[in-house]
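Chain and residue survey
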Amino acid sequence: MRYPQRSVCLKSLNGSKDDIKSEFLNEFENQHKHGGISAISIYGITSNPDDGNYMMVMQYAIQGSLRKLLDNKYNDLSWKHKINNLYYIAKGLAAIHEANLVHKDFHSGNIVNEDMYNPYITDFGLCRPVSQDSSSKGIFGVLPYIAPEVLYGEKYTMKSLLE
């Protein structure tokens, strides 16, 4: 049986060779759970032979981030294709929320396209159950995309995600 040829990319977790962090395993689990439909597929974990750090083996998105796609090919996409991309992004985000998770770093750089019409959500490193407090008091992410309540020192809420 022949399998279709797929390109892969590797995401390294620097500093993981001595202690694989639960955050890395959490990212792997959440992205693997949603991979293929709403998120980029993850095929496994390996280690870098040069430095011993762990890496995720993931589906390669040839068009890159949504930001890059829109910068380079905005005029090549019809409105139907733009709306279709939005539909699949919303569908992926809804699947994450139905699992009672919050992405916590959702922006156009964390949406990738395998081709011009199939977006996938990626980078589940900060994805957590909505009820789970972060062990860190720091705020992470891209400022324009951070929930307002978090900027005021409050917890992430599902309400902010739905408005």
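In this report, we go over the structure that sits alongside the text. (Residues numbered from 1 in each chain as written. Predicted model: local features only at pLDDT ≥ 70, side-chain atom pairs only at ≥ 80, totals over all residues. Heavy atoms only, no water.)

**Re the sheet that holds strand E2 (residues 42-47)**
The strand order E1-E3-E2 describes an open sheet built from three strands, whose pairing is antiparallel. This sheet does not close on itself; its edge strands, each paired only once, are strand E1 (8-12) and E2. Recorded for the sheet is a direction-independent mean angle of 30° between the axes of neighbouring strands. Where E2 meets strand E3 (residues 54-59), five bridges bridge the pair, whose relative direction is antiparallel. Its bridge partner lying in E3, Ile45 is registered against Met56. (Pairing = 2+ DSSP bridges. Helix = DSSP H or I, 4+ residues; strand = E, 2+ residues; numbered from the N terminus. Axes fitted to C-alpha atoms, helices over the stretch in contact; angles between N-to-C directions.)

**Topic: the nonpolar core**
Grouped together as the largest cluster of nonpolar side chains are eight residues: Phe28, Ile40, Ile42, Met56, Met58, Ala61, Val112 and Tyr120. Leaving out residues up to four positions away in the same chain, Phe28 has contacts with Ile42, Gly44, Ile45 and Met56. (Core = buried A, V, L, I, M, F, W, Y, C linked by side-chain atoms within 4.5 Å. Buried < 20%, exposed > 50% of the residue type's maximum accessible area, 1.4 Å probe, protein only. Contact = heavy atoms within 4.5 Å.)

**A word on the environment of Lys68**
Along the chain, the position of Lys68 falls in helix H2 (residues 66-73). The class for Lys68 is partly exposed, based on a relative accessible area of 41%. The spacing of Lys68 and Ser108 is 40 residues in sequence and 8.7 Å in space, taken between C-alpha atoms.

**Details of the sheet that holds strand E4 (residues 64-65)**
With respect to topology, three strands assemble into an open sheet ordered E4-E6-E7, the strand pairing being antiparallel. Two strands bound the open sheet, and with one partner strand each, they are E4 and strand E7 (119-121). Two strands pair when backbone bridges link them, and strand E6 (residues 111-113) and E7 are joined in this way by three bridges, in the antiparallel orientation. Bridge pairing in E7 links Val112 to Tyr120. The sheet contacts of helix H3 (residues 79-98) involve E6 and E7, and relative to E7 the element is tilted by about 25°.

**Points about H3**
For H3, with 20 residues, the first-to-last C-alpha span of 28 Å sits near the 28 Å given by 1.5 Å per residue. Of the residues making up H3, those classed as buried are Lys82, Asn85, Ile89, Gly92, Leu93, Ile96 and His97. An end-on view of H3 places all buried positions within 140° of arc, on one side of the element. In this structure, H3 carries Lys80, Ile83 and Glu98 as exposed residues pointing more than 90 degrees from its buried face. Of the residues flanking the end of H3, it is Asn100, one or two places downstream, whose phi is positive at about 60°. (Expected span 1.5 Å × (residues − 1). Arc of directions from axis to C-beta.)

**As for a nonpolar patch on the surface**
Taken together, the side chains of Leu70, Tyr74, Trp79 and Ile83 present a nonpolar region at the surface, about 440 Å² in accessible area. The topology assignment puts Trp79 in helix H3. What makes Trp79 exposed here is its relative accessible area of 60%. (Patch = residues over 30% accessible without salt bridge, like charges linked within 9 Å, V, L, I, M, F, W, Y side chains within 5 Å. Areas by Shrake-Rupley, 256 points an atom, 1.4 Å probe, with all protein chains shown as cover. Salt bridge = Lys/Arg side-chain N within 4 Å of Asp/Glu carboxyl O.)

**So, the packing of aromatic side chains**
Applying the stated rule across the entire model yields one aromatic pair. When the ring of Tyr87 is compared with that of Tyr88, the centres are 5.1 Å apart and the planes differ by 80°; the resulting orientation is edge-to-face. Taking the relative accessible area as the measure of exposure, Tyr88 reaches 35% and is therefore partly exposed. If you follow Lys82 out to its NZ or CZ, it ends over the ring of Trp79, 4.5 Å from the centre. (Phe/Tyr/Trp six-rings, centres within 6.5 Å; stacked < 30°, edge-to-face > 60°. Lys NZ or Arg CZ within 6 Å of the ring centre and 35° of its normal.)

Honestly, it's all geometry; don't read function into it.
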